[in-house]
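Chain and residue survey
One-letter residues, chain by chain:
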Amino acid sequence: TADNAAVPACMNRTLRDFGLGRNQAISVPHHWKVLRALELMHLYKLSSLAVVNFDGHLVTSISLADIKTIFAAANLSLLWVSISKFEEMRRNKEILLEHHGKDVYPYFAAQMDRTILVAISKMVATKTHRLWVVNDARKPVGVVTLTDIYRALNPVAQATEGRPHGGA
């Protein structure tokens, strides 16, 4: 299409081509308490965890930003509800207050064979900076962030544009 004509060729390479999403995805069962997920994030210095069902399929994610809403609302009892219940409550509130009937996605994911362009498009459309990388069975195998994509594309973009590498 005409739109794709303006897209640099590197944007049509896959996450796999750039070695993205190969880092281990840390996941937790959906029935865990929110507090237990927070403890794991603290232990591993993570800002987000993949949340899986009993079959290991990705069903949602939980992040520090999500958990901060508990403290902001001074509703500490939510730390002891299951992650799935917390996410259900959070999504229902978002649907009513912020999204005015628009769909609220429980998670954002892509497979390794998706292009960088598709990954960025998903991040833009869903207003997130992270995509879980899943296998064919929807099991989380990694995560890719906008920072990861920038780092992967930077040498390619600079070589394409003829700019020198280097910082300030």
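Look up: the structure comes first, before these words.
The text that follows walks through the structure, step by step, so that each part is easy to find. (Residues numbered from 1 in each chain as written. Predicted model: local features only at pLDDT ≥ 70, side-chain atom pairs only at ≥ 80, totals over all residues. Heavy atoms only, no water.)

Structural notes on helix α2 (residues 34–44)
As a reminder of what qualifies: Only protein chains enter the area calculation, which uses a 1.4 Å probe; residues under 20% of their type maximum are buried, those over 50% are exposed, and those in between are partly exposed. Note on conventions: DSSP H or I runs of at least 4 residues are helices, E runs of at least 2 residues are strands, and numbering of each starts at the N terminus. An arc is given here, and it is the one of the directions from the helix axis to the C-beta atoms.
Turning to α2, its buried residues number three or more, namely V34, A37, L40 and M41. Looking down the long axis of α2, one finds its buried residues gathered within 120° of arc, a one-sided arrangement. Set apart from the buried face of α2 by more than 90 degrees, the exposed residues are H42 and L43. Downstream of α2 by a residue or two, K45 has a phi angle that is positive, lying close to 55°.

Regarding the side chain of R130
Quick note on the threshold: Counting rule applied: Lys, Arg positive; Asp, Glu negative; His and chain ends not counted. Here a salt bridge means any side-chain nitrogen of Lys or Arg lying within 4 Å of a carboxyl oxygen belonging to Asp or Glu. Each polar contact in these results corresponds to two N or O atoms within 3.5 Å; when the atoms are within protein, one needs to be able to donate a hydrogen and the other to accept it, and residues that are neighboring in sequence are counted only if both atoms are side-chain atoms. A contact between two residues is defined here by any heavy atoms of the two lying within 4.5 Å.
Mapped onto the elements of the fold, R130 is located in strand β5 (residues 130–134). One buried charged residue, R130, forms no salt bridge at all, with the nearest opposite charge on D66 at 7.0 Å. A distance of 3.5 Å separates polar atoms of two side chains, one belonging to R130 and the other to S48. Residue contacts for R130: discarding those within four places in its chain leaves S47, S48, S63, F108, M123, V143, V144 and T145.

Section: the pairing of strand β3 (residues 58–63)
Threshold: Two strands make a pair as long as DSSP finds a minimum of two bridges between them.
When you tally the buried positions in β3, you get five out of six residues, the bulk of the element. Where strand β2 (residues 48–52) and β3 come together, five bridges link them in antiparallel fashion. Note that in β3 the partner of L49 across the bridge is I62.

Concerning the nonpolar core
Note the cut-off: Nine residue types can take part in a nonpolar core, namely buried Ala, Val, Leu, Ile, Met, Phe, Trp, Tyr and Cys, and a core is a set of them joined through side-chain atoms within 4.5 Å.
Within the largest apolar cluster, 16 residues are counted, with the highest numbers of intra-cluster contacts made by L15, F18, L20, I116, V144, I149 and L153. If you list the elements that add at least two residues to this core, you get α5 (116–126), β5 and α6 (146–161). Each residue touching V144, except ones within four places of it in the same chain, is listed here: L15, L20, G21, M123, H129, R130, L131, V133 and I149. W32, M41, I70 and L78 belong to the second largest nonpolar core, which has 15 residues in total.

Here we look at a nonpolar patch on the surface
Let me state the cut-off plainly: Two distance rules govern patches: like charges are joined within 9 Å, and nonpolar side chains (Val, Leu, Ile, Met, Phe, Trp, Tyr) within 5 Å, applied only to residues with over 30% relative accessible area and no salt bridge. Every accessible area reported is derived by Shrake-Rupley at a probe size of 1.4 Å, with residue values counting cover from the shown protein chains alone.
A surface patch of nonpolar side chains, about 340 Å² in accessible area, is lined by F71, L76 and W80. Of note, W80 is situated in the loop between α3 (64–72) and α4 (83–97). Classification of W80 by relative accessible area gives exposed; the value is 52%.

Here's the deal with the sheet that holds strand β1 (residues 27–29)
Let me state the cut-off plainly: Axis angles are defined between N-to-C directions and span 0 to 180 degrees, where every axis is a line fitted to C-alpha atoms and, for a helix, only to the segment in contact.
Taken together, three strands build an open sheet; the order of strands is β1-β2-β3 and the sheet is mixed. Whereas interior strands pair on both sides, the edge strands pair on one side only; in this sheet they are β1 and β3. The mean angle between the axes of side-by-side strands here comes to 35°, regardless of whether they run parallel or antiparallel.

Observations concerning the environment of N23
Positionally, N23 belongs in the loop between α1 (2–5) and β1. C-alpha of N23 to C-alpha of V144: the two residues are 121 residues apart in sequence and 8.3 Å apart in space. Apart from residues lying up to four places away in sequence, N23 is in contact with V141, G142 and V143. Side-chain polar atoms of N23 contact the backbone nitrogen of V143, separated by 3.4 Å.

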